[in-house]
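# Residue-level structural notes
These are the residues of each chain, in order.
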Amino acid sequence: MARNTSLYFRIVEGRNLPAKDVSGTSDPYCIVKVDNEVVARTATVWKNLSPFWGEEYTLHLPMGFHSLSFLVMDEDTIGHDDVIGKITLTKEAIGSQAKGIDCWLNLTRVDPDEEVQGEIHLSLELLKDTEKISLRCQVFEARDLAPRDISGTSDPFTRVIFNNHSAETSIIKKTRFPHWGETLELELDPEELREEGTVTVEVWDWDMVGKNDFLGKVEIPFACLHKTPPIEGWFRLLPLGNNEVDAGGKLGALRLKVRLVEDRILPSVYYQPLIHLLVESVISPTEVEDSSALTMLEEVNTVESRQDVAMTLVKIYLGQGLVVPFLDYLNTREVNHTTDPNTLFRSNSLSSKAMEQFMKDVKYLAISGFFFLRFFAPAILTPKLFQLRDQHADTRTSRTLLLLAKALQSVGNLGLQLGHGKEQWMEPLHPIILRSVSSVKDFLDKLIDIDHDIVSEVPQRAVFMPSVTVKEGYLHKHKAEGPQLLSRFAFKKRYFWLTSETLSYAKTPDWQVGTEPVRSSIPIQCVCAVERVDENAFQQQNVMQVITQDNDGQLLTMYIQCKNVNELNQWLSAIRKVSIYNERMLPSFHPGAHRSGKWTCCLQADRAVTGCSRTHSAVTLGDWSDPLDPDVEAQTIFKQLLQGKDKLRKKYMEMPDADQTSGSQESSHLGGAECNAQLIKPGQTVAARLLAVIEDLEQAHATFQRREKEDGTSVILNP
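These remarks concern the structure in this document. For every chain, the first residue of the written sequence is number 1, and numbering continues from 1 along that sequence. Per-residue local features of the predicted model are confined to residues with pLDDT of at least 70, and side-chain atom pairs are confined, for both listing and counting, to 80 or more; whole-chain, interface and lining totals are unaffected and use all residues. Water and hydrogen atoms were dropped before computing side-chain values, which therefore reflect all heavy atoms in the structure.

Before going further, it helps to spend a moment on the packing of aromatic side chains. Describing an aromatic ring pair means giving the distance of the ring centres and the angle of the ring planes. Two rings from Phe, Tyr or Trp (for Trp, the six-membered ring) form a pair when their centres are within 6.5 Å of each other. A pair whose planes differ by under 30 degrees is stacked, one over 60 is edge-to-face, and the rest are tilted. Summed over all chains, the structure comprises 13 aromatic pairs. Ring centres of phenylalanine 496 and tryptophan 571 lie 6.5 Å apart, and the angle between their planes is 70 degrees; on these two criteria the pair is classed as edge-to-face. One end of the pair, phenylalanine 496, is in strand E18 (residues 491-499); the other, tryptophan 571, is in helix H11 (residues 565-578), with 75 residues separating them in the sequence. Like tryptophan 571, phenylalanine 496 is buried. Among the aromatic residues, ring-to-ring pairing joins Phe9, Tyr57 and Phe70 into one connected group. The ring of tyrosine 474 carries lysine 493 above its face, with NZ or CZ at 4.5 Å from the centroid. The aromatic ring of tryptophan 497 is capped on one face by arginine 519, whose charged end is 3.9 Å from the ring centroid. Numbered from the N terminus, helices here are DSSP runs of H or I no shorter than four residues, and strands are runs of E no shorter than two. Throughout, exposure labels follow a simple rule: accessible area from a 1.4 Å probe, protein chains only, divided by the maximum for the residue type, with under 20% read as buried, over 50% as exposed, and the rest as partly exposed. The rule for a charge over a ring is simple: NZ of Lys or CZ of Arg within 6 Å of the ring centre, and within 35 degrees of the ring normal.

Here the focus is the nonpolar core. Working definition of a nonpolar core: buried Ala, Val, Leu, Ile, Met, Phe, Trp, Tyr and Cys residues. They are joined through side-chain atoms within 4.5 Å. Grouped together as the largest cluster of nonpolar side chains are 44 residues, with contacts concentrated most on Leu274, Leu278, Leu313, Tyr317, Phe326, Ile637 and Leu690. Excluding its chain neighbours within four sequence positions, the residues that come into contact with leucine 278 are Ala293, Leu294, Leu313, Ile316, Tyr317 and Ile637. We call two residues contacting when some pair of their heavy atoms lies within 4.5 Å.

Strand pairing is assigned whenever DSSP identifies at least 2 bridges connecting the two strands. One open sheet holds the four strands; their spatial order is E11-E10-E13-E14, and the pairing between them is antiparallel. In the strand order of this sheet, the two ends are held by strand E11 (165-168) and strand E14 (213-221), each with one partner. The sheet shows a mean angle of 20 degrees between the axes of neighbouring strands, direction not considered. Of the pairings in the sheet, the one linking strand E10 (residues 156-162) to strand E13 (residues 198-205) comprises six bridges and is antiparallel in character. Across the sheet, isoleucine 161 pairs through a bridge with threonine 200, a residue of E13. Whenever a helix is involved, its axis is fitted only over the stretch in contact; in every case the axis is a line through C-alpha atoms, and angles between N-to-C directions fall within 0 to 180 degrees.

Here the focus is unusual backbone geometry. Of note in this structure, serine 596 is not a glycine but carries a positive phi near 55 degrees. Structurally, serine 596 can be placed in the loop between strand E25 (594-595) and strand E26 (598-599). Owing to a relative accessible area of 77%, serine 596 belongs among the exposed residues under this scheme. With a phi angle near 65 degrees, leucine 603 is a residue other than glycine that sits in the positive phi range. Looking at the secondary structure, you find leucine 603 in the loop between E26 and strand E27 (613-614). The exposure class assigned to leucine 603 is partly exposed, which follows from its relative accessible area of 28%.

Here we come to the environment of arginine 148. Along the chain, arginine 148 turns up in the loop between strand E9 (133-143) and E10. As a C-alpha pair, arginine 148 and proline 112 span 36 residues in sequence and 9.3 Å in three-dimensional space. Aside from chain neighbours lying at most four places away, what touches arginine 148 is Pro112, Glu115, Val116, Thr153, Ser154, Asp205, Asp213, Phe214 and Leu215.

Criterion for a salt bridge: a side-chain nitrogen of Lys or Arg within 4 Å of a carboxyl oxygen of Asp or Glu. Tallied over the full model, the rule gives 25 salt bridges. With a shortest N-O distance of 2.8 Å, glutamate 280 and arginine 689 are connected by a salt bridge. Taken together, the positions of glutamate 280 in helix H2 (residues 268-283) and arginine 689 in helix H16 (residues 684-711) put the pair 409 residues apart, joining distant regions of the chain. Judged by its relative accessible area of 26%, glutamate 280 is partly exposed. Between arginine 576 and glutamate 531 there is a salt bridge whose closest N-O contact spans 3.4 Å. Separated by 45 residues along the polypeptide, arginine 576 in helix H11 and glutamate 531 in strand E21 (residues 527-532) bring together distant segments of the chain. Each of Glu13, Asp102 and Arg255 takes part in a single network of salt bridges with overlapping partners.

Before going further, it helps to spend a moment on the side chain of histidine 392. Among the structural elements, histidine 392 can be located in the loop between helix H7 (365-381) and helix H8 (395-412). On the basis of relative accessible area, histidine 392 is assigned to the buried category, the value being 17%.

Of note, aspartate 361 is situated in the loop between helix H6 (350-354) and H7. Considered as a pair, aspartate 361 and proline 341 are 20 residues apart in the sequence and their alpha carbons are 9.8 Å apart.

With that settled, consider the packing of H2 against helix H12 (residues 630-643). It is the contact of H2 with H12, at a shortest axis distance of 10 Å, that shows an interaxial angle of 65 degrees. Relative to H12, the element H2 lies roughly perpendicular. Helix-helix and strand crossings are classified by hand; for H2 and H12 the assignment is left-handed. Where H2 approaches H12, its residues Ser268, Tyr271, Leu274, Ile275 and Leu278 are matched on the opposing element by Asp631, Ala634, Gln635, Ile637, Phe638 and Leu641. Gly falls in the polar group here, along with every residue not listed as nonpolar (Ala, Val, Leu, Ile, Met, Phe, Trp, Tyr, Cys, Pro) or charged (Asp, Glu, Lys, Arg). Across the contact of H2 with H12, the residue classes tally to eight nonpolar, two polar and one charged. Angle categories: roughly parallel below 35 degrees, roughly antiparallel above 145, roughly perpendicular from 65 to 115, and oblique for all the rest. Crossing chirality is assigned from the near helix's rotation relative to the far helix, an anticlockwise turn below a right angle marking it left-handed and a clockwise turn marking it right-handed.

These results come straight from atomic positions and should not be treated as a statement about function.
Right, dumping it as structure tokens:
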């Protein structure tokens with residue numbers, strides 16, 4: 001049984017931030033980290049102590065996570081940016097809120113002893129013989145340690161402590177991925193065997209001048225060591241535990257929205273009865289007014305989750321090749337249930353959420369109004385959120401963009417509202433708007449005027465053509481050929497194209513077949529890892545690597561630099577998505593580069609040695625280009641139905657007492673079949689089938705979870 005973890009967060013705004021600049025203000029931006037790995041950076045809001053960002057992200061994290069952190073920084077044009085404060089939310093804290101977190105949270109001070117990360121590989125064993133009693137600790141290696149030195153690395157060593165005994169490993173210079181392979185022993189007194197203390201393993205960064213820096217610790221109850229065999233494994237490093245308070249709001253606050261969704265995904269066969277009911281609702285409805293699995297889903301789903309449910313259903317029917325019948329069914333019910341035409345498709349219904357642009361009583365307005373309202377106007381209002389510019393506009397420019405968006409939306413509404421309402425100041429623009437309406441109509445006519453023969457050639461179930469470009473743009477590719485005096489000059493600007501089949505690049509975007517410059521391509525099926533590169537590898541930020549495997553099994557690595565961390569995450573996510581089903585994905589990788597005869601990350605000499613860090617190839621950003629996953633979508637619908645099963649049972653399956661009494665009294669005057677027909681509620685048959693499907697899925701989940709607890713691993717059941 002697969003596990004699926006999605007983390008949604010929205011950085012709304014800040015308030016009462018402290019002034020960091022001599023001008024009495026700050027230039028704040030936010031950095032978001034998942035387990036100390038940067039996953040997003042907001043725009044900088046210049047000279048503002050109560051900034052608005054409104055930026056949101058969704059992360060798919062199949063391996064789970066431990067904490068989510070938001071750091072507020074003050075950007076400085078000269079020198080290092082100042083840290084204003086941070087907010088850290090544990091996975092448990094986020095998951096404890098069923099509807100997620102939506103509130104103001106005070107910023108806390110940043111304590112270096114609390115900013116730890118990484119894991120350490122240990123083995124602990126209690127040795128007893130006639131001569132002595134000792135505690136043996138084998139320290140193998142560590143990975144992803146926090147950088148404490150200006151070079152972006154650390155000089156780590158490990159110390160094991162129990163009672164008044166301690167021992168230390170050697171110091172490994174300039175690495176965040178040390179390999180010790182050392183054994184430390186603490187000789188104990190017999191009386192200490194009865195101790196109920198804790199064995200502590202600490203990792204420190206050695207400094208020649210000043211005090212050493214704390215890198216994290218592991219604590220293991222001494223009582224656990226009385227058991228055999230030895231305790232061995234990878235342990236997450238924990239902070240020192242100062243528990244810094246929030247400074248009483250003196251550092252300001254952030255308004256955040258965070259929601260965690262964790263699901264166990266069953267094998268596909270378990271979801272087929274649910275998919276069958278959903279498909280049956282749109283391909284063979286007896287009457288539009290009759291109850292169906294879709295209408296019952298809308299009855300039990302909450303207003304807060306309706307948008308997610310609508311988008312999930314669209315994906316399910318896209319995968320079934322039935323999205324048009326699905327929308328037709330919902331729209332027909334919407335029209336039949338609407339008493340006021342002015343509110344048609346404006347209610348918070350499943351139909352309006354699923355496809356607002358499918359309005360049947362207007363020829364142009366439904367499409368043009370939707371395009372301008374949902375695409376053009378938002379892009380003009382907030383160009384930063386649509387990657388049209390790197391920063392939010394200043395106040396004066398924002399006002400101009402607002403006026404421009406209003407004028408453009410009037411064009412999208414085909415000028416039907418001109419002269420009405422409170423915005424009489426726009427009257428000088430009316431002639432220009434009305435002249436533009438005809439251009440919009442001409443554009444829409446050309447947009448939908450497609451030759452029927454061409455349409456008929458497209459397979460009905462195809463969602464997108466495999467050769468479509470998923471992402472493209474300028475990046476900097478590392479030139480590995482020949483000696484390099486300075487690594488920062490080894491990155492050359494190239495234009496990249498990513499499709500579901502290839503990752504290609506050339507010197508310019510004007511490349512065409514048979515012309516220069518040559519376009520190079522990497523087959524996506526050969527990709528076996530897509531990962532970040534440690535800053536120390538090339539003394540450059542925002543570098544990623546694409547690791548491929550040729551037909552001879554040899555691993556080849558291409559290093560690519562992005563202009564900022566957001567672009568880096570977008571390219572990482574895009575390449576991971578198109579390669580997610582590759583069979584030869586690596587379990588580990590080297591975050592550094594092999595230079596001067598050794599890896600810059602773990603300092604090992606062998607180029608072919610196994611990677612020193614775990615791969616993250618399944619971690620992706622959620623967006624429109626996500627591949628369809630019917631099992632995940634079906635699980636989302638099941639969860640909504642599970643929450644409303646009691647409501648369905650009460651409405652459709654339970655008979656009121658009065659009706660039951662009346663039915664029993666009149667049963668002697670009615671035939672058996674006629675009596676049974678009167679006792680069946682409208683929709684009861686469909687509800688009974690739907691409830692049976694819900695109960696079967698609920699039982700399957702319970703069985704899988706019970707087997708996981710018994711076996712300690714995932715199992716596959718025969719349905």
